[in-house]
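# Survey of secondary and tertiary structure
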Amino acid sequence: MATVNNKTKKRLIVKQGNENIILPVTDIALLYVESRTVLVIDQFSRKYVFQKSLSEVEKDLDEKIFFRANRQVIVNIHFIKGFIVAECNKLNVVLTVPCAVPSIIISQETAPFFKKWVCES
């Protein structure tokens, strides 16, 4: 059972090269895993490295704004343009920011929860 976390993070410390950057969560379009590294894409499509796992950071994010699309991706509702229904009622999420992330696919099991989240957030 998930616990309600009233202490959602307002900022994350991310890395770009040797520099540590304080990034407001409102600027984060998505977080995803690539080669066992968590990457953060901001509103300007800039890429940063994040030092925690997706499961760890998911607990710190506002669930009204961020949705765990699958094992590899967490998306911000403010950067979702829409979605396309794919094979077997899976959803392919379309973002407002261009990024080099492979397709964001939501399983047919998770699709109803995603649609409800989009409408209620």
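Residues numbered from 1 in each chain as written. Predicted model: local features only at pLDDT ≥ 70, side-chain atom pairs only at ≥ 80, totals over all residues. Heavy atoms only, no water.

Estimated volume of the second largest pocket: approximately 170 Å³. Around the second largest pocket, the lining residues are Glu63, Lys64, Phe113, Lys116, Trp117, Glu120 and Ser121. Looking at side-chain class alone, the lining of the second largest pocket contains two nonpolar, one polar and four charged residues. (1 Å grid on protein atoms, 1.4 Å probe; cavity = no way out; pocket = protein on both sides within 12 Å on 5 of 7 lines; lining within 4 Å. Points joined across faces, edges and corners; volume = space filled by probe spheres on them. Nonpolar A, V, L, I, M, F, W, Y, C, P; charged D, E, K, R; others polar.)

Time to look at the pattern of salt bridges. Pairing between side chains of opposite charge can happen when the charged atoms of each approach one another. Taken as a whole and assessed by the stated rule, the structure comprises three salt bridges. In this structure, Arg46 and Asp42 form a salt bridge, with 2.8 Å as the shortest nitrogen-oxygen distance. Here Arg46 falls in the partly exposed class, since its relative accessible area comes to 39%. For Glu58, the salt bridge is made with Arg68, and the minimal N-O distance between the two is 3.0 Å. Within this pair, whereas Glu58 is found in helix α1 (residues 54-60), its partner Arg68 is found in strand β6 (residues 66-68), the two being separated by 10 residues in sequence. (Salt bridge = Lys/Arg side-chain N within 4 Å of Asp/Glu carboxyl O. Buried < 20%, exposed > 50% of the residue type's maximum accessible area, 1.4 Å probe, protein only. Helix = DSSP H or I, 4+ residues; strand = E, 2+ residues; numbered from the N terminus.)

This part covers the sheet that holds strand β9 (residues 91-95). As summarised here, the arrangement of the three strands in space is β8-β9-β10, forming an open sheet in which the pairing is antiparallel. Edge strands, defined here as strands with exactly one partner in the open sheet, are β8 (80-85) and β10 (104-106). Strand-to-strand twist of the sheet, defined as the mean angle between neighbouring strand axes without regard to direction, takes the value 30°. (Pairing = 2+ DSSP bridges. Axes fitted to C-alpha atoms, helices over the stretch in contact; angles between N-to-C directions.)

This part takes up the nonpolar core. Leu30, Val75, Leu95, Ile104, Ile106 and Phe114 are the most contacted members of the largest nonpolar core, which has 22 residues in total. Looking at this core, the elements that each hand over two or more residues are β3 (28-34), β4 (37-42), β7 (73-76), β9, β10 and α2 (111-120). Sequence-distant contacts of Phe114, that is, excluding residues within four places in its chain, are made with Phe67, Ile80, Phe83, Leu91, Val93 and Ile106. (Core = buried A, V, L, I, M, F, W, Y, C linked by side-chain atoms within 4.5 Å. Contact = heavy atoms within 4.5 Å.)

What follows deals with α2. Of all the positions in α2, only Ala111, Phe114 and Trp117 are classed as buried. Projection of α2 onto a plane perpendicular to its axis shows the buried side chains occupying an angular sector of 125°, all on one side. In α2, the exposed residues that point more than 90 degrees away from the buried face are Phe113, Cys119 and Glu120. Summarising the contacts, the buried residues of α2 are in contact with β6, β7, β8, β9 and β10. (Arc of directions from axis to C-beta.)

This brings us to the environment of Val73. Tracing the backbone through its elements, the reader meets Val73 in strand β7. You can call Val73 buried: its relative accessible area is 4%. Taking the C-alpha atoms as reference points, Val73 and Ser103, 30 residues apart in sequence, are found 10.0 Å from one another. Excluding its chain neighbours within four sequence positions, the residues that come into contact with Val73 are Leu30, Leu31, Tyr32, Leu54, Phe67, Arg68 and Ile104.

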